[in-house]
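# Analysis of the macromolecular model
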Amino acid sequence: MIHVENVSKTFTLHNQHGAVIEVVSRANLDVHSGECVALTGVSGSGKSTLMRMIFGNYLAASGQITVDGVRIVGASPREIIALRRHRLGYVSQFLRVVPRVSTLDVVSEPLLRVGTSEVEAHGGAKDLLARLRIPEPLWSLSPLTFSGGEQQRVNIARGFAHHYPVLLVDEPTASLDGTNRDTVLTLIEEAKARGAAILGIFHDADARARVCDREIDVSGFKTP
Amino acid sequence: MQDEPLFSASAVSKSYGTHVGCRDVSFDLWPGEVLGIVGESGSGKSTLLNCISGQLDPSEGDVLYRTQDDGMKSTQAMSEPELRKLRRTDWAFVHQNPRDGLRLSVSAGGNVGERLMAVGARHYGDIRRSASEWLERVEISTARIDDRPSTFSGGMQQRLQIARNLVTHPRLIFMDEPTGGLDVSVQARLLDLLRSLVRELGLSAIIVTHDLAVVRLLADRLMVMKDGSVVEQGLTDQVLDDPQHAYTQLLVSSVLMP
Amino acid sequence: MSALVREHYNFAYLDEHTKRMIRRALLKGVAIPGYQVPFASREMPMPYGWGTGGVQVSAACMVPEDRVKVIDQGADDTTNAISIRKFFERTAGVTVTERTKEATLIQTRHRIPEQPLSEDQILVYQVPIPEPLRFLEPRETETRKMHALSEYGLMHVKLYEDISQHGEIATSYAYPAEVNGRHVFDPSPIPKFDNPKLDNSPALQLFGAGREQRIYAVPPYTRVRSLDFEDYPFVAARAEHRCALCGSTHTYLDEVIIDDEGGRMFVCSDTDYCNEQQRANAEAERDAG
């Protein structure tokens, strides 16, 4: 489902005398349906950069990336938008939403965007919010007023609302307490069971051990 | 995915004597897509918007629109009545200053009803019902339906302008700095409204703004303009998070938390 | 015709070139019913607002055999009516009359006579503001375009505003109407009670706006439809009273204050028609007696 071949990434900082920074070079990996793969490596080794390239958020300097049959490198924005809407999900660490929109609407949005009825989308969103222990009185408020941990859980609910066949997760369990951490890992297991291909960054070694089938050390994807 | 764009600009240029307004701009817009055009004042983004929305004749290039009846059609080849009709039915234009887009001497209801009457609505009760529905939809109390917009706050005027434009169910909406001049909290409310309207009505939109936070939240795609030319375009989050062009990098880095 | 007139003025005051220019504008107006034709309005020996447009149109149509009637607010005996009548008496030497039936050329301000007109008559209206769209669109370039493209939605915005503010279409004079299924026009400040008389009239109706330099026309037997909403149809309103002088119940009435105690009465605004009704009533009484 995810195929990465000889992918490199450099940043050219035009406003700093054109300095070129190489972050990833010649990365290769595959993630198949129903498996969860963890990216490992020290901080700054390029894990997030690689994930962002797969998501289309960063442009790869060279190489090939294919997600569920769609070639990401060189794809038109429209193709990426369609892919993200239907098939490629991304749970980042930061919640980025329009201020003032209620938590329920934030979580329902991915479902509404793929044409799910409002009733059904709200139903799905409520289930997830309940499972992630967001107190019901908060559902009608904007998540931007919540604590960091609550915001992260809302973000996870949003990321899991629609059943994407391919899912990228970036530190989904960071700063969560034991019960919520367990719920998130269960959500990942459920997604795997549905056949989703999952690529993630997990600092938490226990979490990794529980849900990941393989680990790939991205430190190897750097020019020595 | 639909194979044909809703709207297409090809090599659009506008010059005033030796001064270049915009130069060689091309893009396609598909149904349901929101395109953001960003740049500083004087970058040519407003000139471009006026050229592609039929308010200004481009010096060169062509603008095509997929009409309901005849398919893709050059707007330059359209007769004036045809273009004017398009502008009050299929297209909508939200001005930065609501005073440019509203009739301040006419009640809120009359402002919303005008486009309906312009396309032949002649039943007062129906017109008024539509006007109330739209006021509600843009979160203006229907108790204000007979008040003049000059008594409204800036945010309300802007929402009224949107209602007035959307009442005929356009397919394409042009917006020129729609949140400019509004308080931050009022901006947020307007952004939320625009986002849900775009989604619910399947609207396509072209938004000109200097505010990167606005395009981050509203636009699927982004075009960055400088000195009349497009220096970079792509997926909104990609352009903002991994800008390739020196100017875009400067633009992004000069903003606090885009 | 007095010698004085012949010596000092051309027939009907205007020179023949000017009349020809106005007649051309009139012909164009007749050819395009309701369309506002620009014309080079002349300075007249009376101030703007006193009927300079109407006087020029009347002068351009007038022939020595005409019997001229002038109406101001329905009456033949107000200052404006008398001075215009005298003007034509002196400059054209034509016969003047107060009888609608006898007149061949009627210049009017604010009314259409109650007496139905005939094919032999021309009705000339004095128009202050010819542009019905002016209320909402101040740009002349834009209103001309709107007329050219039949974009008349704005006219209904005005009526919408009326209903929303007053619960009904409160416009009671200068009520906009569509001529011959094409142009929307301002029928001058006649009460909307008179609007139905515009429709399908056997007489030629000409409109002159001196200050605004516009001429327009409704040819005989032309459809004139007052604008309205399906659920708020046009109503030709009049005061629900009986004329205190002739007793008629179907005419447009003026409210007249008759004393310092607030006493008032309603009388026909069309003085000629009222007089005629009174004469007829008197005859009927005599016959009965």
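Here the structure is a predicted model, which means the values were calculated and not measured. (Residues numbered from 1 in each chain as written. Chains lettered and ligands numbered in written order. Predicted model: local features only at pLDDT ≥ 70, side-chain atom pairs only at ≥ 80, totals over all residues. Heavy atoms only, no water.)

### Remarks on the interface of chain C and chain B
Across the contact, 21 residues belong to chain C and 21 residues belong to chain B. Summed over the shared surface of chain C and chain B, the number is 5 salt bridges. The closest approach of N and O atoms between Arg88 of chain B and Glu151 of chain C, which form a salt bridge, is 2.8 Å. Where chain C packs against chain B, one counts 13 residue pairs in polar contact (both at pLDDT 80 or more). Among the elements that take part in the side of chain C that touches chain B, helix 6 (residues 153–166) of chain C stands out by supplying 9 residues, more than any other. Among the residues making up the side of chain C that touches chain B, the classes are represented as 9 nonpolar, 4 polar and 8 charged. (Contact = heavy atoms within 4.5 Å. Salt bridge = Lys/Arg side-chain N within 4 Å of Asp/Glu carboxyl O. Polar contact = N/O pair within 3.5 Å; in protein donor to acceptor, adjacent residues only side chain to side chain. Helix = DSSP H or I, 4+ residues; strand = E, 2+ residues; numbered from the N terminus. Nonpolar A, V, L, I, M, F, W, Y, C, P; charged D, E, K, R; others polar.)

### Quick notes on the pattern of salt bridges
Per the stated rule, a full pass over the model turns up 53 salt bridges over all chains. Between Asp204 of chain A and Arg181 of chain A there is a salt bridge, with its nearest N and O atoms 2.5 Å apart. Of this pair, Asp204 of chain A sits in the loop between strand 8 (197–201) and helix 7 (205–211) while Arg181 of chain A sits in helix 6 (residues 178–194); the two residues are 23 residues apart in sequence, bridging distant segments of the chain. The exposure class assigned to Arg181 of chain A is partly exposed, which follows from its relative accessible area of 22%. Between Glu177 of chain B and Lys45 of chain B there is a salt bridge, with the nearest N and O atoms lying 3.9 Å from each other. Within this pair, whereas Glu177 of chain B is found in the loop between strand 7 (172–176) and helix 7 (184–201), its partner Lys45 of chain B is found in helix 1 (residues 45–52), the two being separated by 132 residues in sequence. Across the pair, Lys45 of chain B and Glu177 of chain B agree in class, each one buried. Within the structure, one salt-bridge network assembled from shared partners comprises Arg103, Glu114 and Arg164 of chain B together with Glu137 and Arg139 of chain C. (Buried < 20%, exposed > 50% of the residue type's maximum accessible area, 1.4 Å probe, protein only.)

### Some details on the packing of aromatic side chains
This model, assessed by the stated rule, comprises 20 aromatic pairs over all chains. With a centroid separation of 5.6 Å and 45 degrees between ring planes, the pair formed by Tyr9 of chain C and Tyr13 of chain C is classed as tilted. Owing to a relative accessible area of 38%, Tyr9 of chain C belongs among the partly exposed residues under this scheme. Taking relative accessible area as the criterion, Tyr13 of chain C reaches 25% and is therefore assigned partly exposed. Ring geometry for Phe185 of chain C against Tyr216 of chain C: centres 5.8 Å apart, planes inclined by 90 degrees, an arrangement best described as edge-to-face. Here Phe185 of chain C, found in strand 7 (residues 183–185), pairs with Tyr216 of chain C, found in strand 9 (residues 214–218); they are 31 residues apart in sequence, far enough to count as distant. Residue Phe185 of chain C shares its accessibility class with Tyr216 of chain C, and that shared class is buried. The rings of Phe7, Phe27, Tyr65, Trp91, Phe93 and Phe174 of chain B are connected pair by pair, giving a single aromatic cluster. Taking NZ or CZ as reference, Arg78 of chain A lies 3.7 Å from the ring centre of Trp30 of chain B, over its face. The aromatic ring of Phe55 of chain A is capped on one face by Arg84 of chain A, whose charged end is 4.0 Å from the ring centroid. (Phe/Tyr/Trp six-rings, centres within 6.5 Å; stacked < 30°, edge-to-face > 60°. Lys NZ or Arg CZ within 6 Å of the ring centre and 35° of its normal.)

### Some points on the interface of chain A and chain B
In this complex, chain A contributes 27 residues to the contact, which on the side of chain B involves 28 residues. Summed over both sides, the interface between chain A and chain B buries roughly 2,400 Å², with carbon and sulfur atoms accounting for 54% of that surface. A per-residue breakdown of the area chain A buries against chain B is headed by Arg78, Arg96 and Arg100 of chain A, which together make up 29% of the total. Seen at the junction of chain A and chain B, the total is 6 salt bridges. Linking chain A to chain B there are 11 residue pairs in polar contact (both at pLDDT 80 or more). When contributions to the side of chain A that touches chain B are tallied by element, the ones reaching two or more residues are strand 1 (2–13), helix 2 (77–86) and helix 3 (103–113) of chain A. The element best represented in the side of chain A that touches chain B is helix 2 of chain A, accounting for 7 residues. Residue composition of the side of chain A that touches chain B, by class: 13 nonpolar, 5 polar and 9 charged. (Buried area = accessible area lost by both parts, 1.4 Å probe.)

Purely spatial values, then, with no claim about function.
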